[in-house]
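# Geometric and topological summary
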Amino acid sequence: MDKHIKRIIDYIFDFTTKSEYAFREVCGFTFVFRRDITTLNDELTSAEIIPIGIIYEENDEYYFAPLDGQYEIDEIVKSFAEKRIQ
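The shown structure was predicted, so the numbers you read here are calculated from the model rather than taken from an experiment.

Inspection of the entire model under this criterion finds three salt bridges. Lys18 is the salt-bridge partner of Glu20, the closest N and O atoms lying 3.9 Å from each other. Looking at Glu20, the relative accessible area reads 29%, which means it is partly exposed. In this structure Lys18 comes out as exposed when scored by relative accessible area, which is 51%. One salt bridge connects Asp36 with Arg34, and the closest N-O pair in it is separated by 3.1 Å. Residue classification places Arg34 among the partly exposed residues on the basis of a relative accessible area of 26%.

Membership of the largest hydrophobic core is limited to six residues, which are Tyr21, Val32, Ile52, Ile55, Ile76 and Phe80. When sequence neighbours within four positions are dropped, the list of residues in contact with Ile52 reads Tyr21, Val32, Phe33, Arg34, Phe64, Pro66, Leu67, Asp68, Tyr71 and Ile76.

Pairing in this open sheet of four strands is antiparallel, and the strands run E1-E2-E3-E4 from one edge to the other. A single partner strand is all that each edge strand has here, and the edge strands are strand E1 (15-26) and strand E4 (61-66). Adjacent strand axes in the sheet meet at a mean angle of 30° when their direction is disregarded. Bridge count between strand E2 (residues 29-40) and strand E3 (residues 43-58): twelve bridges; the pairing is antiparallel. Across the sheet, the residue bridging to Val32 is Gly53, located in E3. Lying over the sheet, helix H2 (residues 73-85) contacts E1, E2, E3 and E4, oriented at roughly 60° with respect to E1.

Hairpin geometry of E2 and E3 is characterised by an intervening segment of two residues between the two adjacent antiparallel strands and by a positive phi of about 50° at Asn41. Strand direction decides the pairing type here: E3 and E4, joined by six bridges, are antiparallel. By the bridge assignment for E4, Glu58 is matched with Glu61. Linking E3 back to E4 in an antiparallel pair, the connection comprises two residues, with Asn59 at a positive phi of about 55°.

Compared with an ideal rise of 1.5 Å per residue, which puts 13 residues at 18 Å, H2 spans 18 Å between its outermost C-alpha atoms and is within 8% of the ideal. Regarding H2, the residues found buried are Ile76, Ser79 and Phe80. Each buried residue of H2 sits inside an arc of 100° when the element is viewed along its axis, so together they form one side. When the buried face of H2 is taken as reference, the exposed residues oriented beyond 90 degrees from it are Asp74 and Ile85.

Calculation notes
Residues numbered from 1 in each chain as written. Predicted model: local features only at pLDDT ≥ 70, side-chain atom pairs only at ≥ 80, totals over all residues. Heavy atoms only, no water. Salt bridge = Lys/Arg side-chain N within 4 Å of Asp/Glu carboxyl O. Buried < 20%, exposed > 50% of the residue type's maximum accessible area, 1.4 Å probe, protein only. Core = buried A, V, L, I, M, F, W, Y, C linked by side-chain atoms within 4.5 Å. Contact = heavy atoms within 4.5 Å. Pairing = 2+ DSSP bridges. Helix = DSSP H or I, 4+ residues; strand = E, 2+ residues; numbered from the N terminus. Axes fitted to C-alpha atoms, helices over the stretch in contact; angles between N-to-C directions. Expected span 1.5 Å × (residues − 1). Arc of directions from axis to C-beta.

Quick look at the structure:
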């Protein structure tokens, strides 16, 4: 969709999309998911949970194994570090 048309539709209908990374630890592996939540006029219209990859620790270092080639490693590392510090 043309970016200009998308901006007009977003402005008129007040679409809001929030994306965040979620982490779930199972059997020593940390599974990474991206949650996309879209609202229209402050009401939930859609929610999507997308598996991104697996984080594992080996030799006191963390490794990220993506499930596909499309990921934002900087955002994942930042979110993972924030969750580990808490």
